[in-house]
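Each chain is listed here by its residues.
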Amino acid sequence: MLFNSYEFFVFYAVILLVCFATKDKIQNFLLLSASYFFYGFWDLRFLLLLLLLTVITYYLSMLIFKFENSLIKKVLLSVSVATSLSILAFFKYFNFFVESLSLLFAKVGIKAELPVMEIILPVGISFYTFQTISYTMDVYRKKTIPTNNFFDFALFIAFFPKLLAGPIERASHLIPQISCQRVRDTDQFKRGLYLVLFGLFKKIVIADAVAVYVNMIFGSGEIQSGINILIASFLFTIQIYCDFSGYTDMARGISKTLGFDLKLNFNLPYFSKNPKEFWQRWHISLSTWLRDYLYIPLGGNRFGRLITYRNLMITMFLGGLWHGAAWNYVWWGLYHGILLVFHRLWSPLSNRFFPKSLVINVTSVFCFFILTCYGWLIFRAESFNQILIFSNALITDLSIAKVILPTSKMAILLGIPLLMILDVYQYFTCNTRFYEKWPWFFRYLLYSFLIVQILISSGNAPEEFIYSQF
Amino acid sequence: MIAILNQTYNRIPGWGFAILSIVLCGFMIVGGQLFQPLGFFAFYLSIPKFVQLLGFKDIQPGKILTSIPAFLLIFFLTGELTLRLWYPNGVPFSNGVGPIVKQFYRNIVVNKYGSRGPEVLDDTSHPKIIIQGDSITWGQGIKLEKDIYTSVLKHLLTEKYPDVQIAVLAKKGREIQEHIEQLSKWAGQIKPQVIVYQWHITDIEKNIEDRPKKISIPWNKLFFNWRLSESSYFWSLLTYQIDTAMPKNKISYKDYIEKEYAIETENWQLFRNKFLQWHSLAKSFTPHIIILIPLLPTSEIVEQNFVDLAKSLGARIVFTGKATAGMNASKYDRHPNIEAHRIIADHLFNEITNILPLKDNE
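Residues numbered from 1 in each chain as written. Chains lettered and ligands numbered in written order. Predicted model: local features only at pLDDT ≥ 70, side-chain atom pairs only at ≥ 80, totals over all residues. Heavy atoms only, no water.

The next subject is the overall build of chain B. Scanning chain B for helices and strands turns up 15 helices and seven strands. Expected size for 362 residues packed as a compact globule is a radius of gyration near 21 Å; at 27 Å, chain B overshoots this value by more than 25%. For chain B, the residues scored as buried account for 48% of the 362 residues in total. Taking as baseline every contact in chain B between residues at least 6 positions apart, the subset at least 24 positions apart corresponds to 76%. Of the roughly 18200 Å² of accessible surface on chain B, 60% is carried by carbon and sulfur atoms. Each charge class in chain B was averaged separately, 39 positive and 33 negative side chains, and the resulting centres sit 8 Å apart. (Helix = DSSP H or I, 4+ residues; strand = E, 2+ residues; numbered from the N terminus. Rg over C-alpha atoms; globule rule 2.2 N^0.38 Å. Buried < 20%, exposed > 50% of the residue type's maximum accessible area, 1.4 Å probe, protein only. Contact = heavy atoms within 4.5 Å. Areas by Shrake-Rupley, 256 points an atom, 1.4 Å probe, with all protein chains shown as cover. Lys, Arg positive; Asp, Glu negative; His and termini not counted. Charge placed at Lys NZ, Arg CZ, Asp CG, Glu CD.)

Structure representation (structure tokens):
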């Protein structure tokens, strides 16, 4: 049941009506049932996994909180984190590790037939395992008091709007909203509906439409000219942003209409001037998770430059691997690690020689956008060889004569320009709810235009969200 | 005005809302087109009460009542304007209705057999080819006749056979019985050297009314439908999209066709007999019979049964489904687009040039 499918909207409408008709405690129970139904809709077997992880994390966290002995606490923490990571490693990375190991053995001349298993990847597993880990860690660090209500905790893990692709919520942010009485606020509800609409617009009008061209260039297996790779990389940069932030907008919007407030996950990432800023704006819930539970425990920037660089590279390597069991995600993570290290080296010099000005800012945004596009090329590539071939073509073969233009006219002539106008407007007003101050006529015109474009662009079958596969 | 509406509205007690709802239901069920406007009006008036019932206490009924028509008006005008600017020449829809579709097919040229595409102009010319088919051969989703595969094929063949003539006998939804009738009517007069039969899975159906029914909204019963369906592009799109959103049948078309038209069924035997009848009729005019299967199979089993049958009769079969996969006429119409028609024409050209000898003097 995808967010952009008709079935989901029927499900959502029913949940909304049922929630409006019930009080908070019953509502929580209904939402939990609905979330399990939503997850079970993919595959009933996934429910067992989700339940198992929920039960283990809940009870171990309670024990961690109760015991005073730090050694026992550490053991319990290790068991809990190891359980979450083992589940993630088995379902997501088992075959990847086995295949990589076989390849490595083959390279050194050892013929090893390691067993490869047919494992179905449970959707959203990377998101909810990270959430369970953060919960246990927060309890261990005494940043969070574990909830006594198992159902509240289960809802925190399984809450359906964020179950498949985040944002990765923290207990301190979401559990109080589940436990406390929620106020039904008309403004929040309207904001929620707008976010759902805007998310659908990004997904259906832009991401799905430009994906046709991107898939053609990256998936054809033929040697492409540099200009087509350039267009495809640019379009994939737009696609992945619209696909993922579209999902997050919908998740946040749905939550708002139900009375919950999820974390902001994207804050105009392509307006970043450098990699550090990019990771403060892109997939914020993951980057803050990596910062709090990996980068800082590794030592962060507290032990000198070299250790900092090492920590950055480890964090980005694992951050890349988190995205999927394939080497291109690892290369992409390392690429961003290198950019972050380079930025740390470069920023003292740039601050001295290039004082802040509008021209410098615009140039920085543009230059970093080009680097981001190249990063997405690595991310989207189907093999390391393709990265090399495409990179070579980008340098040596930029002839316009071989250009193939994208056919998704509505996305390119209407969707992307509208998105850019709205994002630029938001950037300069520093207000995500800027449109609410517009006169009613223009607001209605905006809503109408978004709905009309969605209706025109809707195809027969809904396309999957990229990040829900992680 | 909003303040007056607020005051008036808030004076309506809870039972006022109940009465409005009952009135609404009554008018909508028994009222028909005459009372529908009243039903809609009652529903419109009850919307703020619904919102209040959902727990939003801070709403202003007057604001809701004024903003609904304002939004609907802006929404509809935006939709209409966008579609008219975006598709100035219309666009095909699979359900094929409304002014947006009429605009697309506005300059249709029909040949003397009531189809689109080439016709035989000179009975003495050589070679002559008959092409029979349904909506694909008719050219659904193709604006100009010159882009339909039959015309492209004629263009390709002309280089090799300068006097080639093609007669297209196609109509949307045409099935085997009508193909037999059409062939009986025209083939004797045309005297073809090749007969092409474009087959689609729907050809085997005894009666399309037997298909599993999909839930659909009876738009045509709405009191404003008659006007909008005649004049609005946006209404066509809305109708199409909401129809697409309706729940699917419990049994899919594929399952239905595989069950009802399995090889041992009476339905299959009926089709088989009809096809044998068509084939012997075609064979009486020419030994060169080509079966064209332009799309990917809806049911591989049923298609294979048909292919086996056609092969057993010695017919040549041309498949183009793999080469044209995903090449749709529009987002709203899955018939082949211009590029797909060109590919179909290429495949047919190769097959025809393999079987037809050149005239002695060429």
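Looking only at helices and strands, chain A has 18 helices and zero strands in total. With respect to the principal axes defined by its C-alpha atoms, chain A has extents near 70 × 65 × 50 Å. Taking contacts inside chain A between residues at least 6 apart in sequence as the whole, the part at least 24 apart equals 76%. When the accessible area of chain A is evaluated, it comes to approximately 21500 Å², of which 69% is carbon and sulfur surface. Across chain A, 39 positive and 25 negative side-chain charges occur, with their mean positions spaced 10 Å apart.

Quick look at the interface of chain B and chain A now. Contacts between chain B and chain A engage 26 residues on the former and 26 residues on the latter. Buried surface at the junction of chain B and chain A, both sides included, amounts to about 2400 Å², of which 71% is carbon and sulfur. At the junction of chain B and chain A, the tally comes to zero salt bridges. Along the contact surface separating chain B from chain A lie four residue pairs in polar contact (both at pLDDT 80 or more). Taken together, the elements giving at least two residues each to the side of chain B that touches chain A come down to α4 (61–86) and α10 (233–245) of chain B. Among the elements that line the side of chain B that touches chain A, the one with the most residues is α4 of chain B, at ten residues. A class-by-class count of the residues in the side of chain B that touches chain A yields 16 nonpolar, seven polar and three charged. (Buried area = accessible area lost by both parts, 1.4 Å probe. Salt bridge = Lys/Arg side-chain N within 4 Å of Asp/Glu carboxyl O. Polar contact = N/O pair within 3.5 Å; in protein donor to acceptor, adjacent residues only side chain to side chain. Nonpolar A, V, L, I, M, F, W, Y, C, P; charged D, E, K, R; others polar.)

Where charged atoms of side chains with opposite charge meet at close range, the side chains can pair. All names here are of chain A. Summed over all chains, the structure comprises 21 salt bridges over all chains. Here R170 ties to D292 by a salt bridge, and the two come within 3.0 Å at their closest N and O atoms. Placement of the pair is R170 in the loop between α7 (160–163) and α8 (171–179) and D292 in helix α12 (residues 284–295), with a sequence separation of 122 residues. Each member of the pair, R170 as well as D292, is classed as buried. The salt bridge involving K203 is made with D243; its shortest N-O contact spans 2.8 Å. Here K203 is found in helix α9 (residues 186–219), whereas its partner D243 is found in helix α10 (residues 226–257), with 40 residues between them in sequence. An identical accessibility class is assigned to K203 and D243; each is buried. A network of salt bridges, in which partner residues are shared, links R170, R291 and D292.

Further remarks concern the sheet that holds strand β4 (residues 288–293) of chain B. Residue and element names in this part refer to chain B. Strand order in the open sheet made by the five strands is β2-β1-β3-β4-β5, with parallel pairing throughout. The open sheet has two edge strands with one neighbour each: β2 (165–170) and β5 (316–319). Strand-to-strand twist in this sheet, taken as the mean axis angle between neighbours without regard to direction, amounts to 20 degrees. Across four bridges, strand β1 (residues 128–133) lies against strand β3 (residues 194–198) in parallel orientation. Along β3, the bridge assignment pairs Q132 with Y197. Most of the contacts of helix α8 (residues 176–190) go to β1, to which it runs at about 165 degrees, and overall it touches β1, β2 and β3. Of the strands in this sheet, β1, β3 and β4 are in contact with helix α12 (residues 266–283), which crosses β4 at around 135 degrees. (Pairing = 2+ DSSP bridges. Axes fitted to C-alpha atoms, helices over the stretch in contact; angles between N-to-C directions.)

Residue and element names in this part refer to chain B. Across the six residues that make up β4, a large majority, five, are buried. Note that β3 and β4 share five bridges and pair parallel. Directly across from Y197, in β4, lies its bridge partner I291. Alignment of β4 against β5, held across four bridges, turns out to be parallel. Bridging from a neighbouring strand, I290 pairs with R316 of β5. Considered for its hand, the β-α-β crossover made up of β4, helix α13 (residues 300–312) and β5 is right-handed. (Right-handed = clockwise from strand over helix to strand, strands pointing away.)

On to the nonpolar core, then. Grouped together as the largest cluster of nonpolar side chains are 194 residues, with contacts concentrated most on L258, W282, W376 and Y467 of chain A. Counting residues per element, this core draws most heavily on α9 of chain A, which supplies 17 residues. If we ignore the near neighbours within four places in the chain, the residues touching L258 of chain A are I15, L16, C19, Q27, L31, F159, F160 and R182 of chain A. Ranked by size, the runner-up nonpolar core spans 34 residues in total, among them V120, I190, Y261 and I317 of chain B. (Core = buried A, V, L, I, M, F, W, Y, C linked by side-chain atoms within 4.5 Å.)

A few words on the packing of aromatic side chains. Residue and element names in this part refer to chain B. All told, the structure shown has 94 aromatic pairs over all chains when counted by the stated rule. Taking 5.4 Å as the distance between ring centres and 80 degrees as the angle between the ring planes, the aromatic pair formed by F76 and F234 counts as edge-to-face. Linking F76 in helix α4 with F234 in helix α10, this pair joins segments that are 158 residues apart in sequence. Taken together, a centroid distance of 5.9 Å and an interplanar angle of 50 degrees make the contact between F271 and F306 tilted. (Phe/Tyr/Trp six-rings, centres within 6.5 Å; stacked < 30°, edge-to-face > 60°.)

All names here are of chain A. Here the phi dihedral of H283 falls at roughly 40 degrees; this positive angle occurs in a residue that is not glycine. With respect to the helices and strands, the residue H283 is situated in the loop between α11 (275–281) and α12. Judged by its relative accessible area of 0%, H283 is buried. Unlike most non-glycine residues, C430 shows phi in positive territory, near 55 degrees.

Residue and element names in this part refer to chain A. One way to put it is that helix α4 (residues 70–107) packs onto helix α5 (residues 125–140) with a least axis distance of 10 Å and a crossing angle of 175 degrees. It follows from the interaxial angle that α4 and α5 lie roughly antiparallel. Across the interface between the two elements, K73, K74, L77, S80, V81, S84, L85, I87, L88, F91 and K92 of α4 pack against I125, S126, T129, F130, T132, I133, T136, M137 and Y140 of α5. Residues belonging to the contact of α4 with α5 are distributed by class as follows: eleven nonpolar, six polar and three charged. (Parallel < 35°, antiparallel > 145°, perpendicular 65-115°, else oblique.)

Interpretation note: all reported values are geometric properties and have no functional meaning in isolation.
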